[in-house]
Amino acid sequence: MGNECLVEKECITREEVKEALEFASEQIIRNLGEFTDQFQNAFSENGFYKPIDNVGWTTGFWTGEIWLAYEFCGDKRLLKAANSQVGSFYNRIVNKVDVDHHDMGFLYTPSCVAAYKLTGNLEAREAAILAADQLIGRYQPKGKFIQAWGSMEDVKDYRLIIDCLLNLPLLYWASKETGNDKYQEIADKHIHTALSNVIREDDSTWHTFFFNKETGMPNHGATCQGYRDGSAWARGQAWGIYGTALAYRYTKRKEYIDIFKRVTNYFIGHLPEDLVPYWDLEFLRGDAEPRDSSSASIAACGMLEMAKYMEKEEADYYKQTAKKIMKSVTDHYSVNDYKISNGLVLHSTYSKHSPYNTCGHYGVDECNSWGDYFYMEALTRLYKDWNLYW
Ligand code: GLY
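About the cut-offs
Residues numbered from 1 in each chain as written. Predicted model: local features only at pLDDT ≥ 70, side-chain atom pairs only at ≥ 80, totals over all residues. Heavy atoms only, no water. Near = heavy atom within 4 Å. Polar contact = N/O pair within 3.5 Å; in protein donor to acceptor, adjacent residues only side chain to side chain. Areas by Shrake-Rupley, 256 points an atom, 1.4 Å probe, with all protein chains shown as cover. Nonpolar A, V, L, I, M, F, W, Y, C, P; charged D, E, K, R; others polar. Helix = DSSP H or I, 4+ residues; strand = E, 2+ residues; numbered from the N terminus. Expected span 1.5 Å × (residues − 1). Buried < 20%, exposed > 50% of the residue type's maximum accessible area, 1.4 Å probe, protein only. Contact = heavy atoms within 4.5 Å. 1 Å grid on protein atoms, 1.4 Å probe; cavity = no way out; pocket = protein on both sides within 12 Å on 5 of 7 lines; lining within 4 Å. Points joined across faces, edges and corners; volume = space filled by probe spheres on them. Phe/Tyr/Trp six-rings, centres within 6.5 Å; stacked < 30°, edge-to-face > 60°. Lys NZ or Arg CZ within 6 Å of the ring centre and 35° of its normal. Pairing = 2+ DSSP bridges. Axes fitted to C-alpha atoms, helices over the stretch in contact; angles between N-to-C directions. Parallel < 35°, antiparallel > 145°, perpendicular 65-115°, else oblique. Left-handed = near helix turned anticlockwise from the far one by under 90°.

Draft legend 1. Summary view of the site of the ligand. Contacts to the ligand come from Trp57, Asp163, Gln225, Trp233, Arg235, Trp239 and Tyr350. Here Arg235 contributes a side-chain N or O atom positioned 2.5 Å from an oxygen atom of the ligand. In isolation the ligand offers 190 Å² of accessible surface; the protein chains occlude 95% of this area. Looking at the shell around the ligand, its residues break down into four nonpolar, one polar and two charged.

Draft legend 2. Structural detail: helix α4 (residues 76–94). Here α4 contains 19 residues, and its C-alpha end-to-end distance of 28 Å stays within 8% of the 27 Å for a straight helix at 1.5 Å per residue. Along α4, the positions that sit buried rather than exposed are Leu78, Leu79, Ala81, Ala82, Gln85, Val86, Gly87, Phe89, Arg92 and Ile93. Buried residues in α4 make contact with α2 (14–31), β1 (39–40), α3 (59–73), α5 (104–119) and α6 (122–136). Where α4 terminates, the next one or two residues include Lys96, which has phi positive at roughly 50 degrees.

Draft legend 3. Inspection of empty space enclosed by the protein at higher detail. Tallied over the entire structure, the rule returns two cavities of 30 Å³ or more. The computed volume of the largest cavity comes to approximately 40 Å³. In this structure, the largest cavity is lined by Leu165, Leu168, Pro169, Tyr172, Ile191, Gly243, Leu246, Ala247 and Tyr250. Of all the secondary structure elements, the ones that give two or more residues to the lining of the largest cavity are α7 (169–178) and α9 (234–251). A per-element tally of the lining of the largest cavity places α9 first, with four residues. In the lining of the largest cavity, the residues fall into eight nonpolar, one polar and no charged. Approximately 30 Å³ is the volume attributed to the second largest cavity. A per-class count over the lining of the second largest cavity returns three nonpolar, five polar and two charged.

Draft legend 4. Region of interest: the packing of aromatic side chains. With the rule as written, the count across this model stands at 38 aromatic pairs. Between Phe72 and Tyr383, the ring centres sit 5.4 Å apart and the planes meet at 65 degrees, which makes this aromatic pair edge-to-face. Note that Phe72 is positioned in helix α3 and Tyr383 in helix α13 (residues 369–383), a separation of 311 residues in sequence. In this structure an aromatic cluster arises from ring pairing among Phe43, Trp57, Phe61, Phe106, Trp239, Tyr242, Tyr350, Tyr362, Trp370, Tyr373, Phe374 and Trp390. The ring centre of Trp206 lies 4.1 Å from the NZ or CZ of Arg200, which sits over that ring. It is Lys339 that lies over the ring of Tyr338; its NZ or CZ is 5.3 Å from the centre.

Draft legend 5. Region of interest: the sheet that holds strand β6 (residues 208–211). On the basis of which strands lie adjacent, the open sheet formed by three strands has the order β5-β6-β7 and antiparallel pairing. Each edge of the open sheet is held by one strand with a lone partner, namely β5 (159–161) and β7 (218–222). For this sheet, the mean angle separating the axes of adjacent strands, direction not counted, is 25 degrees.

Draft legend 6. Looking closely at α6. With 15 residues, α6 should reach 21 Å at 1.5 Å per residue; the first-to-last C-alpha distance of 21 Å fits that figure. In the core, the buried residues of α6 are packed alongside α4, α5, β3 (139–140), β4 (145–146), α7 and α8 (182–197).

Draft legend 7. Structural detail: unusual backbone geometry. The phi dihedral of Lys96 falls on the positive side, at around 50 degrees, and the residue is not glycine. Inspection of the secondary structure puts Lys96 in the loop between α4 and α5. Lys96 sits in the exposed class, given a relative accessible area of 53%. Positioned with a positive phi, Lys252 is a non-glycine residue whose angle comes to about 60 degrees. Structurally, Lys252 can be placed in the loop between α9 and α10 (255–269). Given a relative accessible area of 44%, Lys252 falls into the partly exposed group.

Draft legend 8. Here's a closer look at the side chain of Ser334. By the element assignment, Ser334 lies in the loop between α12 (312–333) and β8 (348–351). A polar contact is formed between the side chain of Ser334 and the backbone oxygen of Thr330, at a distance of 2.7 Å. Those residues in contact with Ser334 that lie beyond four places of it in its chain are Val329, Leu344, Val345 and Tyr375.

Draft legend 9. View of the layout of surface pockets. There is about 300 Å³ of room inside the largest pocket. Lining of the largest pocket is provided by 18 residues; of these, Trp57, Trp149, Gln225, Tyr350 and Tyr362 occupy positions nearest its centre. When contributions to the lining of the largest pocket are tallied by element, the ones reaching two or more residues are α9 and β8.

Draft legend 10. Inspection of the packing of α5 against α6 at higher detail. Closest axis-to-axis distance for the α5/α6 pair is 8 Å, and the angle between their directions is 155 degrees. Between α5 and α6, the crossing angle belongs to the class labelled roughly antiparallel. Relative to α6, α5 is oriented so that their crossing is left-handed. Contacts between α5 and α6 involve Met104, Tyr108, Cys112, Val113, Ala115 and Tyr116 on the former and, on the latter, Leu122, Ala124, Arg125, Ala127, Ala128, Ala131, Gln134 and Leu135. Split by residue class, the contact of α5 with α6 holds twelve nonpolar, one polar and one charged.

Draft legend 11. Layout of the environment of Asn54. In this fold, Asn54 is placed in the loop between β2 (51–52) and α3. For the pair Asn54 and Asp337, spaced 283 residues apart in sequence, the C-alpha separation works out to 27 Å. When residues no more than four places from it in sequence are discounted, the contact partners of Asn54 are Phe39, Thr59, Ser88, Phe89, Arg92 and Val97. There is a polar contact of 2.7 Å between the side chain of Asn54 and the side chain of Thr59.

So this is what it looks like as structure tokens:
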């Protein structure tokens, strides 16, 4: 099973996890002055994040990092800052500021669901339920999927993206909280549609998948942020890994374990020597292409989650793989000097333009906010029996 180079690698130890969480928590506390009333941008520039207002799809990760640091060290400055950001998320959803897209889960789970679970903050609960309402407003009954971006009427926007799997825990949480099944029914349908279409025969994945607007029938896959149509964008594959683990957590559908194994083994089989992927899994060791360290941490979180539901031998394999990946990320990619960066993990790639894709070019070989968040989440999962925000 998996990649030969894994055999030789060492697992991160509990002491190393603790040290990494200590540095990360100190770095987050150091950042509170600049990033309490404002948020970190999605990506750093020359290693440093700039402040932004609460817009875009990534601001929830910064609040989530503050919550994870608070869980680790209990510093009250963190509690105060994270709770004050909940107010910003509440205002954002009430006033519908930049919420016409599917990323309500990325925004509201690590910020507001976390706040409610950790402190019982009722403003956070209300904000997260409103965000779930906003998300189900993007459901396309013909086709049975949540549309990612753009106008709900436009043929050219009639598609789902693999990333959306991480937005769905918000819907399961909202059903449990409100007693209304409408949220989880839509999540169940979306997962079924997504996983029936985005996984290719060789177990790599499409980033996005279009449907026929008139009939709802699946039409074709296409990349946006991968190198080309038909290649495997590393982060899309990583969203697939964590997404199928969460899909199984909430639905208990056995076939999702098999899908998890397929997409995860493909990912592992396409890692370079140090277990941190190039931004697209098409690239091979030695290629002069940047890495995407965020994919490594996202995949590790997915492996640690799915290991909970597997037989011992398989669970051990995925847990150990996650520990080896996190050893490499911590030793070779994490920031260990605040003078070189105000982030946590270097060498991520947000969006790299190629002649064959449709995305812009930014955040290449930089820190990014979800890379930092999932790094902390993976370490937290390794440090203690963690009660998920997702
Ligand atoms: N969800 C967008 C990305 O992973 O870049």
